[in-house]
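Residues per chain, in single letters:
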Amino acid sequence: MGAYAPAPVCPQEMVAQITETVLKPVVQGMKAEGRPYVGCLYAGLMLSSKGPKVLEFNCRFGDPETQVVLPMMSSDLFDLLHACALHKLSDMPAPTFNDGFAVTVVMASGGYPGSFVKGHEITGVDKANAREGVTVFVAGAAQKDGAMVTSGGRVVAVTA
């Protein structure tokens, strides 16, 4: 399980199409229903011969699709989210991203997504985080007797 960015199968023309035919209508629909959306919204899509098809919408930061993109962002995420909270996002410049590519690989506990193993020691996180250009996201973990151990299904995601 993982993700990569940028997605060469989704050129800027398709991003514009997705913005106009998927993202804007969803946000406008929520506003029309009296539930205006404020924040980050991820659209999980499948690209078909008939255009993009929506699989899901998500607003979490704990998924590989987010973990691969955020380290590439050169804009200040706090500034963007703060502007969202103040309803002043339109005053902000569009976010910018570093050139290059990134990949995120998720390490999951045995048995995930079903019943999964807990309590296995996790090592190497500090060593990996110390490498330039590497970000380690730890999610399904706990501290036990001074050691980091598995406690969830998706345990560690490494982005480089």
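Provided above is the structure to which this section pertains.
All figures in this text were calculated on a predicted structure; none of them were measured in a lab.

Cut-offs applied
Residues numbered from 1 in each chain as written. Predicted model: local features only at pLDDT ≥ 70, side-chain atom pairs only at ≥ 80, totals over all residues. Heavy atoms only, no water. Helix = DSSP H or I, 4+ residues; strand = E, 2+ residues; numbered from the N terminus. Buried < 20%, exposed > 50% of the residue type's maximum accessible area, 1.4 Å probe, protein only. Contact = heavy atoms within 4.5 Å. Areas by Shrake-Rupley, 256 points an atom, 1.4 Å probe, with all protein chains shown as cover. Lys, Arg positive; Asp, Glu negative; His and termini not counted. Charge placed at Lys NZ, Arg CZ, Asp CG, Glu CD. Pairing = 2+ DSSP bridges. Axes fitted to C-alpha atoms, helices over the stretch in contact; angles between N-to-C directions. Arc of directions from axis to C-beta. Polar contact = N/O pair within 3.5 Å; in protein donor to acceptor, adjacent residues only side chain to side chain.

Novice: Teacher, can you tell me more about the overall build of the chain here?
Specialist: Per the secondary structure count, the chain includes 4 helices and 8 strands. By principal-axis analysis of the C-alpha atoms, the chain measures approximately 50 × 35 × 30 Å. Considering the chain as a whole, with its 160 residues, one finds that 24% of them fall into the buried category. Across the chain, contacts joining residues at least 24 apart in sequence account for 58% of those joining residues at least 6 apart. For the chain, the exposed area adds up to about 10,700 Å²; of that, 58% sits on carbon and sulfur atoms. Computing the positive centroid from 12 side-chain charges and the negative centroid from 14, the chain places the two 8 Å apart.

Novice: Help me out: how do you make sense of the pairing of strand β8 (residues 154–159) in this one?
Specialist: Two faces, one strand: in a regular strand the side chains alternate between the faces of the sheet. Direction of pairing for strand β4 (residues 102–108) relative to β8: antiparallel, over a ladder of 5 bridges. Counted as the bridge partner of Ala 108 is Arg 154 from β8. Where strand β5 (residues 135–138) lies against β8, 4 bridges are found, and the strand directions are antiparallel. The residue bridging Phe 137 from the neighbouring strand is Ala 157, located in β8.

Novice: Explain the sheet that holds β5 to me, please; I cannot follow it from the model alone.
Specialist: Sheets are built from strands paired through backbone hydrogen bonds, the pairs being either parallel or antiparallel. With antiparallel pairing, the 4 strands of this open sheet are ordered in space as β1-β4-β8-β5. Of all strands in the sheet, those with a lone pairing partner are β1 (2–5) and β5, marking the two edges. The mean angle between the axes of side-by-side strands here comes to 15°, regardless of whether they run parallel or antiparallel.

Novice: Got a minute to help me understand helix α3 (residues 77–85) in this structure?
Specialist: Since there are 3.6 residues in each turn of an α-helix, residues three or four apart along the chain are aligned in direction. Taken as a whole, α3 has its buried residues at Leu 80, Ala 83 and Cys 84. Seen along its axis, α3 keeps its buried residues to an arc of 105°; they face one direction. Exposed positions of α3 whose direction lies more than 90 degrees from the buried face are Phe 78 and Ala 85. The backbone nitrogen of Phe 78 has a side-chain oxygen 2.8 Å away, supplied by the residue at the start of α3, namely Asp 76. Of the residues one or two after α3, His 87 is the one with positive phi, at around 60°.

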